[in-house]
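# A structural walkthrough
One-letter residues, chain by chain:
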Amino acid sequence: MTSPIGQRTHAQVGTRALCGGQSLKHALFAARQWLEKHAAAVNALNVFPVPDGDTGTNMLLTMNAALAEIERSPDDSVSIIAHAVAHGALMGARGNSGVILSQIFRGFARVLDNKDTFSAEEFAEAAQEACDTAYQGVVKPVEGTILTPSLARWQEWPDSPPTTLMMSSKY
Amino acid sequence: MTIETKLGEIEISPNAIARIASQAVLESYGVVGMASKSFKDGLVESLAPSASHRGVDVHVADRQIVIDLYVIIEYGTRISEVVHNIVSAVKFRVEKALGASVAQVNVHVQGLRVSQED
C-alpha cells in the first residue's frame, strides 16, 4: 500500500496496519453518518427509562458535540483525537444514552493516552475499556439500553475481522 | 397520599413512594449510589442498594408530592445531564405507579465517586 507523502494514517508495520488520528477521525464521521441515517429507528425503540422516543436524537446530538471538537483538527495522533472527542461528548451529553456514549469515549481515550497510532489489538483493548467504563457508571445496568451493544466480543479481536464481528454480534 | 375511590380510600405511604423513586434513581445512568440525608462528621456514606430508599425524602401536602433525592454520582459524567435524567425518570415512574402528578423532584448531589482519574 502506498500513501501520499505527508499522510501516515495507514502506516504499515510488518503486515499489520496501524490507525492514525485522521483515520480515526474519518471512522468517527462515518459512524455519525450511520447514526444519522438510523436515528429515527433508534428513536422508535426507546421505551426506557421514559418512553419519550428520543434516544436516537440524543445520541446524534451528543455525537455532533463530540465531533465538533475535531472537525477542523489536523492532528494525526489518536490520543489527541480520542481525548478531544471524549471531552466534546462529555460537554454535550444529552439524555441517558448520551451520558453513556460520553463514558464509552472516555474509556476509549484512556487506553489510547499518549499513543499516536493504534493496532487492532490496541483497538480491541480500548473498546473493552470503553465498555467497562460505561458499565461502571450505574448501580443497576439495564440491558437493552445503549450499554448492551458496547459488549461486543472484543476479546476475539483481532483474529476475527471486523465484518465477522459485526455480523456475529447481536447488534 | 390518599386517593379516594367510590368504595373507600387508598392510602399510599411516603415510604412506598420512596421505594419507587429509589428504584428509578438506581437505574439512572451516572448514579453510583444514594446517600443518607444527613452528613455525619462531614462524611457521605453510600447506602446499600437495598437501603437506598433512605436516601429519598417524600413530602405530601395538599395532594402535592414533593420528592427530595440524595445521590452520589460517578466522577467524569456531566452532572447536570445526569441529574436531569434522574428527575425525568423519577417523575415518570412515580406518576405511572400512583396515577397522581408529582409537583417537585429535587436532587441533592451529596458526593462523587472517582473510579478512575483521567
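From a predicted model like this one, the values you see are computed outputs, not experimental measurements.

Calculation rules
- Residues numbered from 1 in each chain as written.
- Chains lettered and ligands numbered in written order.
- Predicted model: local features only at pLDDT ≥ 70, side-chain atom pairs only at ≥ 80, totals over all residues.
- Heavy atoms only, no water.
- Helix = DSSP H or I, 4+ residues; strand = E, 2+ residues; numbered from the N terminus.
- Buried < 20%, exposed > 50% of the residue type's maximum accessible area, 1.4 Å probe, protein only.
- Contact = heavy atoms within 4.5 Å.
- Areas by Shrake-Rupley, 256 points an atom, 1.4 Å probe, with all protein chains shown as cover.
- Lys, Arg positive; Asp, Glu negative; His and termini not counted.
- Charge placed at Lys NZ, Arg CZ, Asp CG, Glu CD.
- Phe/Tyr/Trp six-rings, centres within 6.5 Å; stacked < 30°, edge-to-face > 60°.
- Buried area = accessible area lost by both parts, 1.4 Å probe.
- Polar contact = N/O pair within 3.5 Å; in protein donor to acceptor, adjacent residues only side chain to side chain.
- Nonpolar A, V, L, I, M, F, W, Y, C, P; charged D, E, K, R; others polar.
- Salt bridge = Lys/Arg side-chain N within 4 Å of Asp/Glu carboxyl O.
- pLDDT = per-residue confidence, 0-100.

## Some words on the overall build of chain A
Broken down by element type, chain A carries six helices and two strands. Taken from N to C terminus, the helices and strands of chain A fall in the order β-β-α-α-α-α-α-α. Expressed as a percentage of its 171 residues, the buried residues of chain A come to 49%. Across chain A, contacts joining residues at least 24 apart in sequence account for 59% of those joining residues at least 6 apart. Total accessible area computed for chain A in this model is approximately 8,800 Å², and 59% of it derives from carbon and sulfur atoms.

## Section: the overall build of chain B
When its secondary structure is counted, chain B shows two helices and seven strands. Counting from the amino terminus, chain B carries its helices and strands in the arrangement β-β-α-β-β-β-β-α-β. Overall, the C-alpha framework of chain B stretches about 60 × 30 × 20 Å when taken along its three principal axes. Expressed as a percentage of its 118 residues, the buried residues of chain B come to 41%. Sequence-distant contacts, at least 24 apart, represent 64% of the contacts inside chain B between residues at least 6 apart. As presented, chain B carries roughly 6,200 Å² of accessible surface, and 49% of it is formed by carbon and sulfur atoms. Within chain B, one finds 11 positive and 14 negative side-chain charges whose respective centroids are separated by 5 Å.

## Section: the packing of aromatic side chains
Residues and elements named next belong to chain A. In this structure the tally under the stated criterion is three aromatic pairs over all chains. Pairing Phe108 with Phe118 gives two aromatic rings, centres 6.3 Å apart and planes at 80°, and the pair type is edge-to-face. Taken together, the positions of Phe108 in helix H4 (residues 95–111) and Phe118 in the loop between H4 and helix H5 (120–136) put the pair 10 residues apart, joining distant regions of the chain. For Phe118, a relative accessible area of 8% translates into the label buried. On the basis of an interplanar angle of 35° and a centroid distance of 5.6 Å, the ring pair of Phe118 and Phe123 is categorised as tilted. A relative accessible area of 21% means that Phe123 is categorised as partly exposed.

## Structural notes on the interface of chain A and chain B
Of the residues lining the interface, 25 residues belong to chain A; the matching set on chain B comes to 27 residues. Contact between chain A and chain B buries roughly 2,300 Å² in total, counting both sides, with carbon and sulfur atoms accounting for 53%. Taken as a group, A:Arg106, A:Val139 and A:Lys140 account for 25% of the area that chain A buries against chain B, more than any other trio of residues on that side. Taken together, the links from chain A to chain B amount to 11 residue pairs in polar contact (both at pLDDT 80 or more). At the level of elements, helix H3 (78–91), H4 and H5 of chain A are the ones that each hand at least two residues to the side of chain A that touches chain B. In the side of chain A that touches chain B, the residues fall into 14 nonpolar, six polar and five charged.

## Concerning the pattern of salt bridges
All names here are of chain B. Within the structure shown, the criterion is met by five salt bridges over all chains. For Arg113, the salt bridge goes to Glu74, with nearest N and O atoms at 2.9 Å. Taken together, the positions of Arg113 in strand S7 (residues 102–113) and Glu74 in strand S6 (residues 64–74) put the pair 39 residues apart, joining distant regions of the chain. Classification of Arg113 by relative accessible area gives partly exposed; the value is 33%. One salt bridge in this structure joins Glu95 and Lys91, with 2.8 Å as the shortest N-O distance. Here Glu95 and its partner Lys91 are both found in helix H2 (residues 79–98), four residues apart, which amounts to about one turn of the helix. Taking the relative accessible area as the measure of exposure, Lys91 reaches 34% and is therefore partly exposed.

## A short note on unusual backbone geometry
For the bond from A:Phe48 to A:Pro49, the omega torsion is -10°, close enough to zero to count as cis. With a phi angle near 50°, B:Asp62 is a residue other than glycine that sits in the positive phi range. Mapped onto the elements of the fold, B:Asp62 is located in the loop between strand S5 (56–61) and S6. Accessibility expressed as a relative area gives 75% for B:Asp62, which makes it exposed.

## Examining the environment of A:Gly144
In this fold, A:Gly144 is placed in the loop between H5 and helix H6 (162–168). For A:Gly144 and A:Leu45, which are 99 residues apart along the polypeptide, the C-alpha to C-alpha distance reads 9.7 Å.

## Structural notes on the confidence of the model for chain B
Residue and element names in this part refer to chain B. The pLDDT averaged across chain B works out to 90; a share of 97% of its residues lies at or above 70. Per-element averaging of pLDDT across chain B places strand S1 (residues 2–4) at the bottom with 83 and H2 at the top with 96. Among the scores for the predicted complex, ipTM is 0.86 and pTM is 0.85.

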